[in-house]
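Observations on chain architecture
Listed below are the residues making up each chain.
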Amino acid sequence: MSPVRAVWLVARRELRTRLRTRSFLIGTAVSIAVLIGFVLMQSTLFGGERVTRVGLSGQATGIARALAEEAASRGLDVEVSTVRDPASGESSIVDGDLDALVTGAPASLHVVVDESLDENLRRALNTLVQREVLRAQLASVEDLDPDEVLSTVADATVDVRALRAPDPTHDQRLAMALVIVALLYLSLLLYGTMVAQGVVEEKSSRVVEILLATVRPWELLAGKVLGLGLVGLAQLVVVGGAGTVLAVVTGVLTIPSAAVGTLLWGLLWYLLGYLFYATVFAAAGSLVSRQEETQSVLLPITSVLVLAFVLSFGLLTRAPNTTATAVLSVLPPFAPILMPGRIALSVSTTWQVVVAILLMLGSTAVLTWLSGRIYTGAVLRTGPRLNFRQALRRP
Amino acid sequence: METTRPALEVDGIAKRYGDVVACDGVGFTVGPGELFGFVGGNGAGKTTTMRVVLGVVEPDAGAVRWAGAPVDRAARRRFGYLPEERGLYPRMRVLDHLVYLAELHGFTTNDAHRDAERWITRLGLRGYRETEVQRLSLGNQQRVQLAAALVHDPVLLVLDEPFSGLDPQAVDVLSEVLRERAAAGVPVLFSSHQLDLVERLCDRVGIIRAGRLAACGTVAELRAGSGSTLVVDAPAARPGWADGLPGVTVLGVRGGRTRLRLADGADDQPVLAAALATGPVRGFTHQDPTLAELYRDVVGTTS
């Protein structure tokens, strides 16, 4: 039997065993549900920005259009309604159906609110009142058209020159970056841990002795890493794909090509990161003989992953393009989580990505060699937990 | 099937674990179609020897040969192995598991399925084809483990304690299977603490003590020079009645029957006379020493 067939048989067993388990299906479904929840939350935050409901009563009903325009210029979204009876308007405020009730003549408006008046709304109303007062003052001056003066004043604005074009899609890109960072962190942690648990399961159930009487240790290790890696990849494709489609369909993401790009880069970095971490997880797992000891022996590795995740989240939100961030995003233990986030934010340069990938591949080769030796030396030695030196010594 | 029937040769295997000597020059041959019983106390080196044969343990010295050539991976792939520490995936279903192992031993998927089903039926596991291994009773898990050792039609069987944990019915089935495999020309090496079973089943027996093969041969060969066993049924005899008789060792007394070991060439008539002197003698029978008795002679009663 060729090594390829042996590796494939082992990998196929992992695929069948995992894809059929309830926990895999539930895990995938829950991940999609969480992602849907995130997308819907984003869509209400982005799309349905907060609307301020203003009730107008009496003479104040005349300012409806001017108020809407003035508020809009301040980035405030108001919904204006007419209230016949000021008393019922007040009770609407108490009930929370209205945010503000405006009464009185345009030149001296009265506002009733529940607790405090929104600052932007206050300024908008102040402007309307001041304009009305000014109109009355101008009207007393002969040979002057108040509207003409007001329009001239309104046209006089500052001229703004931006040094950098604003990126209207920055919020969307940040959301994508954080989602891909979270997905990669979870995938690497979950499937890395699964590799280790699989190794410990084989060791603790002693099935490894039968297996190694017919396949080589590296074939068994390679098959396990390959099989679980494919399961993880499938899950990431399904969850990421569903999330992307949903986000584009609901309009949360208006940049579908960037979303697809982020997903594809994410899948590439999953493969690179998984290969980097998986054999290390396997080597660590091979040192122990009981499932209870797995967590403690994996702690150093999972800590690095947690650190990479926390750093990525903070740096991408606050300082995605500083030198320190760029350096971290190139270093192998952090790159698989941080770099795809920076790519999603489109703050990484081509050479940074190339260097990161090359460093990843180089360090993965070294780690695979070392882990393979540890695994081979340790996997048949049951009993108390081994240290690295014992494992590296040939049995 | 090969036309030249190969044999397993174990030649001077030595293995130490730190200060512990597991094997110290163990050597024997299991010929084609031969059932070879491997007996010895706990820690005597049986398991280490078997693990060396399967390549699971690298020996410090010595060699294992199959059909005259050093055992390589291709040869081992056709061996059937039942390890001392049972090992199966706890959450895998019986049929899937056997198919998987047969495939790992080089079977195509179709052949693997056919043979897995065949052994499931043979070993009485039909009702558990789709059951997870961890849900089976220990005895049934043991049957699955046996099926795992047999499923790829091995050319050599190496079974570490195959009978432990089996009910009498399964013991009969397994004995029959082992005889049948041997009849097909397969050398069968197995260890057991059930010496009566080994005696009944095996063509040859190896007794291992402290990492060395203390005795090896057919049961008849092992008996040579160890005299015979005399069972005397003298109900009225008092304990110690046979003490001091020349060439006689008392093995045990139970219900008026005394088992004696009579050294080679010793005369049995003085024993009969001594027995008659105690009162009536209802039985006076010569028996061959059992393997258990021979084993105690070799190993000593302490182990």
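Residues numbered from 1 in each chain as written. Chains lettered and ligands numbered in written order. Predicted model: local features only at pLDDT ≥ 70, side-chain atom pairs only at ≥ 80, totals over all residues.

1. A look at the sheet that holds strand β3 (residues 100-103) of chain A
All names here are of chain A. The mixed open sheet is built from four strands, whose spatial order is β2-β1-β3-β4. Of all the strands in the sheet, just β2 (77-82) and β4 (110-113) have a single pairing partner and so form its edges. Direction aside, neighbouring strands of the sheet carry axes that sit 25° apart on average. Packing against the sheet, helix α3 (residues 64-73) makes contact with β1 (51-56) and β2, and its axis sits at approximately 170° to β2. Running over the sheet, helix α4 (residues 86-95) touches β1, β3 and β4 and is turned about 160° from β3. (Pairing = 2+ DSSP bridges. Helix = DSSP H or I, 4+ residues; strand = E, 2+ residues; numbered from the N terminus. Axes fitted to C-alpha atoms, helices over the stretch in contact; angles between N-to-C directions. Contact = placed C-beta atoms within 7 Å.)

2. Things to note about the pairing of strand β2 (residues 20-30) of chain B
Both faces of the sheet carry side chains from a regular strand, because those side chains alternate between them. Both strand β1 (residues 8-17) of chain B and β2 of chain B contribute to a ladder of eight bridges, which runs antiparallel. For K15 of chain B, the partnering residue across the bridge sits in β2 of chain B and is C23 of chain B.

3. Observations concerning the UniProt feature "transmembrane region" (unreviewed entry) in chain A
Residues and elements named next belong to chain A. What UniProt calls "transmembrane region" (unreviewed entry) maps, in this numbering, to residues 21-41, 174-196, 225-255, 267-288, 297-316, 322-339 and 351-370. In this annotation, residues 225-255 is assigned 81% helix and 0% strand; the end-to-end C-alpha distance for the span is 35 Å. Counted over residues 351-370, helix gives 100% and strand 0%. Its end C-alpha atoms are 29 Å apart. (UniProt positions renumbered as here; feature names shortened; annotations may be inferred.)

4. Focus: the UniProt feature "domain: ABC transporter" (unreviewed entry) in chain B
Sites flagged by UniProt as "domain: ABC transporter" (unreviewed entry) map to residues 8-235 of chain B. Split by type, residues 8-235 of chain B is 34% helix and 29% strand. Its first and last C-alpha atoms lie 50 Å apart.

5. Here's the deal with the sheet that holds β1 of chain B
All names here are of chain B. Ordered in space as β2-β1-β4-β5, the four strands form an open sheet in which the pairing is antiparallel. Unpaired on one side and paired on the other, β2 and β5 (69-70) mark the two borders of the sheet. Packing against the sheet, helix α1 (residues 46-53) makes contact with β1, β2 and β4 (61-66), and its axis sits at approximately 120° to β1.

6. Brief notes about the interface of chain A and chain B
Listed as interface residues are 18 residues of chain A and, on the opposing side, 23 residues of chain B. Secondary-structure elements contributing two or more residues to the side of chain A that touches chain B are α1 (3-20) and α8 (207-212) of chain A. Among the elements that take part in the side of chain A that touches chain B, α8 of chain A stands out by supplying six residues, more than any other. When the residues that make up the side of chain A that touches chain B are grouped by side-chain class, the tally is twelve nonpolar, three polar and three charged. (Nonpolar A, V, L, I, M, F, W, Y, C, P; charged D, E, K, R; others polar.)

7. Considerations on the domain arrangement of chain A
In terms of domain boundaries, chain A breaks down into domain 1 (3-44 + 170-392) and domain 2 (51-152). Distance between the C-alpha centres of domain 1 of chain A and domain 2 of chain A: 57 Å. (Domains from an automatic or database assignment.)

8. So, the confidence of the model for chain A
On average, residues of chain A score 87 in pLDDT, and 95% of them reach the 70 mark or higher. By mean pLDDT, helix α15 (residues 388-392) of chain A is the weakest element of chain A at 74, and helix α13 (residues 335-344) of chain A is the strongest at 94. (pLDDT = per-residue confidence, 0-100.)

9. Description of helix α9 (residues 217-249) of chain A
Here α9 of chain A contains 33 residues, and its C-alpha end-to-end distance of 48 Å stays within 8% of the 48 Å for a straight helix at 1.5 Å per residue. The first or second residue beyond α9 of chain A is G251 of chain A, which carries a positive phi of 80°. (Expected span 1.5 Å × (residues − 1).)

10. As for unusual backbone geometry
Residues and elements named next belong to chain A. Its identity as a non-glycine residue notwithstanding, R206 has a phi of 65°, on the positive side. Residue R206 is classed as partly exposed on the basis of its 18 C-beta neighbours within 10 Å. Positive phi outside glycine occurs at S346, with the angle close to 50°. S346 gets classed as partly exposed once you count the C-beta atoms within 10 Å, which come to 16. (Buried ≥ 20, exposed ≤ 12 C-beta atoms within 10 Å, placed from the backbone.)

11. Section: the nonpolar core
Ranked by size, the top nonpolar core spans 158 residues in total, and within it V195, F281 and A282 of chain A together with L98, A147 and V158 of chain B carry the most contacts. Considering each element in turn, this core owes the most residues, 16 residues, to helix α7 (residues 170-204) of chain A. Once residues lying within four places of it in the same chain are set aside, the contact partners of V158 of chain B are M50, V53, L54, F79, G80, Y81 and L189 of chain B. Of all hydrophobic cores here, the second largest spans 17 residues; its members include V78, V102, A124 and L128 of chain A. (Core = buried A, V, L, I, M, F, W, Y, C linked by C-beta atoms within 7 Å.)

12. A few points about the domain arrangement of chain B
Residues and elements named next belong to chain B. Once the domains are mapped, chain B shows domain 1 (8-217) and domain 2 (223-299). Domain 1 and domain 2 are separated by 38 Å when their C-alpha centres are compared. Contact residues are listed per partner, giving eleven residues for domain 1 and six residues for domain 2. Elements represented by at least two residues in the side of domain 1 that touches domain 2 include exactly α7 (195-201), β9 (204-209) and β10 (212-217). For the side of domain 1 that touches domain 2, the element with the highest residue contribution is α7, accounting for four residues.

13. Comments concerning the packing of α9 of chain A against helix α14 (residues 350-378) of chain A
All names here are of chain A. Closest axis-to-axis distance for the α9/α14 pair is 10 Å, and the angle between their directions is 120°. The handedness of the crossing between α9 and α14 is right-handed. Across from P217, W218 and L221 in α9, the residues of α14 making contact are G372, Y375 and T376. Broken down by class, the residue content of the contact of α9 with α14 amounts to four nonpolar, two polar and no charged. (Left-handed = near helix turned anticlockwise from the far one by under 90°.)

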